[in-house]
Amino acid sequence: MSSEKKAIDLIMVGAGPAALAAAIYTTREDIETVLIEKAIPGGLAAVTDWVDNYPGFPKGISGLDLAENLRAQAERFGAQIEMGEVTGIKRQGKHVAVETTDGTKLARAVLIATGTDWKKIGVPGEQEFYARGVHYCATCDGAFYRDKKLVVVGGGNSAVQEALFLTRFASHIDLLVRSTFKASDVLLHELEKNKKITVHLGTTTDEIVGENGKVNKVIGTHKGKKVEFETDGVFVFVGLKPNTQFLKNSSIDLDEIGFIKTNAKLESSIPGVFVAGDVRHGATMQIASAVGEGATAALHIREYLEGTPQPSY
Amino acid sequence: MPKNITIYTTNTCAYCVMVKRFLSSKGHNYQEVNLDTDPAKQQEALALSGSLTVPVTVVTKQDDSREVVVGFNLSKLAPAIA
């Protein structure tokens, strides 16, 4: 019996839309493809209430259904999705070593598509009331706020979309926008029509306050004056941060925020390690873009693998 | 092998789908309490988990001890159902 460790053709770190799209392409080329996901296949898209701007779905589609469709399509061609956590990546001879909580796996090429996660506001009370009044997932936790008052923080597409979703449950929502809206006009028109949401532009969120383990108000500032909003809970959607903490000890080039830099072939500074989707420097944070990048990366990976003879260890 | 598994879910919760899929893949049956169709059970879920979130998975062992797993947390769920 050989003690040689066989390298997998391609390991993908993450199983969001970018990775699943790439996997559809690579598995159809008979490239052995293993995706390692630590949270949920579909990523943030899977926990998004509704996706109206993904081409091919004229009536829109729920984020969960879109994620399930992508997963099923990738698995149909042989993609293997494993639940686990990647803790590091480094070049090891002709292979890439992918360190995971279950040990080290070797790959001939790697695609990093770990996406992004919600930023915290960083104010007092945010951590203290996490999951007990402060939330980052409306589709997960919104149902606990039937006929309750809510504050939603943020002014981008996600904040507006999720505030609209939360009106299914909440009696009233105060939407606190630090400066002005960055959300699309389509969503802003929907917002204007919704009588349950009151918009507060130019309003910062300074503190989340509660008693006996329950949130009861948010303190903010508007035009230099203190303002207060009575509430039963707070949902935060104030931007995205890259999921690249696992690369902090690697030699891969990141930008100042932590997004991964790539060349025109979506290859990182580590040869054989490609990047697609929201985690890539310059990404547009759109599902359609992530899927397109996944397909593009898959074609470059195929090219790379064709030029890389299968070595043995 | 647990005696009983109950999952508190909502219709839109993607992590709930993951927990159900994981349990099915391991051959476990479970009872589902959907908080959208049965909102009165929210307090029960909150009392069990201490959190306003789903999924909440309650694993009752053969000796009637209980383990509560909040979210899709495989590092806790996998040993709980072993």
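Fair warning: this is a prediction, and the values are worked out from it, not measured in the lab.

1. Brief notes about the nonpolar core
All names here are of chain A.
Okay, step 1: Counting residues in each nonpolar core, the largest one holds 114 residues, and the members touching the most others are M12, A22, V110, L111 and V152.
Okay, step 2: When residues are assigned to domains, this core turns out to be shared by domain 1 (8-117 + 240-306) and domain 2 (120-236), each giving three or more.
Okay, step 3: In this structure L111 touches L10, M12, A19, A22, F274, A276, A297 and I301, once residues within four positions along its chain are discounted.

2. Focus: the confidence of the model for chain B
Okay, step 1: Looking at chain B as a whole, the pLDDT averages 93, with 100% of positions reaching at least 70.
Okay, step 2: Here the predicted complex carries an ipTM of 0.85, next to a pTM of 0.85.

3. Structural notes on the packing of helix α1 (residues 17-28) of chain A against helix α3 (residues 63-76) of chain A
All names here are of chain A.
Okay, step 1: Look at α1 against α3: their axes get within 8 Å of each other, and the N-to-C directions meet at 25°. When the interaxial angle is binned, α1 and α3 end up roughly parallel. Crossing angle aside, the handedness with which α1 passes α3 is left-handed. Between α1 and α3, the contacting residues are P17, L20, A21, A23, I24 and T27 on the first element and L70, R71, Q73 and A74 on the second.
Okay, step 2: A class-by-class count of the residues in the contact of α1 with α3 yields 7 nonpolar, 2 polar and 1 charged.

4. A short note on the interface of chain A and chain B
Okay, step 1: At the junction of the two partners, chain A supplies 17 residues and chain B supplies 17 residues.
Okay, step 2: Counting residues per element, the ones that place at least two in the side of chain A that touches chain B are α3 and α4 (138-141) of chain A.
Okay, step 3: Here the side of chain A that touches chain B is built from residues that sort into 10 nonpolar, 3 polar and 4 charged.

5. Observations regarding the sheet that holds strand β13 (residues 197-201) of chain A
Residues and elements named next belong to chain A.
Okay, step 1: On the basis of which strands lie adjacent, the open sheet formed by 5 strands has the order β10-β17-β11-β12-β13 and parallel pairing. Edge positions in the sheet fall to β10 (134-135) and β13, since each has one partner strand and no second.
Okay, step 2: Sheet topology note: the strand β11 (residues 149-153)/strand β17 (residues 233-236) ladder contains 4 bridges and is parallel. Counted as the bridge partner of V151 is V234 from β17.
Okay, step 3: Against the sheet, helix α5 (residues 157-166) contacts β11, β12 (172-177), β13 and β17, and its axis sits at roughly 170° relative to β11.

6. Looking at unusual backbone geometry
Okay, step 1: Cis geometry marks the peptide bond from V54(B) to P55(B); its omega dihedral reads 0°.
Okay, step 2: Of note, P55(B) is situated in the loop between α2 (42-49) and β3 (56-60).
Okay, step 3: The backbone phi angle of D30(A) is positive, close to 60°, even though this residue is not glycine.
Okay, step 4: Following the sequence through the fold, D30(A) ends up in the loop between α1 and β2 (33-37).
Okay, step 5: Take D30(A): there are 10 C-beta atoms within 10 Å of it, and that puts it in the exposed class.
Okay, step 6: Located in the positive-phi region is N212(A), a residue other than glycine, with phi close to 55°.
Okay, step 7: Of note, N212(A) is situated in the loop between β14 (203-211) and β15 (214-222).

7. Description of the sheet that holds β14(A)
All names here are of chain A.
Okay, step 1: Strand order in the open sheet formed by 3 strands is β14-β15-β16, with antiparallel pairing between adjacent strands. Both edges of this open sheet fall to β14 and β16 (225-230), since each of them pairs with a single strand only. Looking at each pair of strands side by side, their axes are set apart by 25° on average, direction ignored.
Okay, step 2: Judged from the 6 bridges that link them, β15 and β16 form a sheet pairing that is antiparallel.

Cut-offs applied
- Residues numbered from 1 in each chain as written.
- Chains lettered and ligands numbered in written order.
- Predicted model: local features only at pLDDT ≥ 70, side-chain atom pairs only at ≥ 80, totals over all residues.
- Core = buried A, V, L, I, M, F, W, Y, C linked by C-beta atoms within 7 Å.
- Buried ≥ 20, exposed ≤ 12 C-beta atoms within 10 Å, placed from the backbone.
- Domains from an automatic or database assignment.
- Contact = placed C-beta atoms within 7 Å.
- pLDDT = per-residue confidence, 0-100.
- Axes fitted to C-alpha atoms, helices over the stretch in contact; angles between N-to-C directions.
- Helix = DSSP H or I, 4+ residues; strand = E, 2+ residues; numbered from the N terminus.
- Parallel < 35°, antiparallel > 145°, perpendicular 65-115°, else oblique.
- Left-handed = near helix turned anticlockwise from the far one by under 90°.
- Nonpolar A, V, L, I, M, F, W, Y, C, P; charged D, E, K, R; others polar.
- Pairing = 2+ DSSP bridges.

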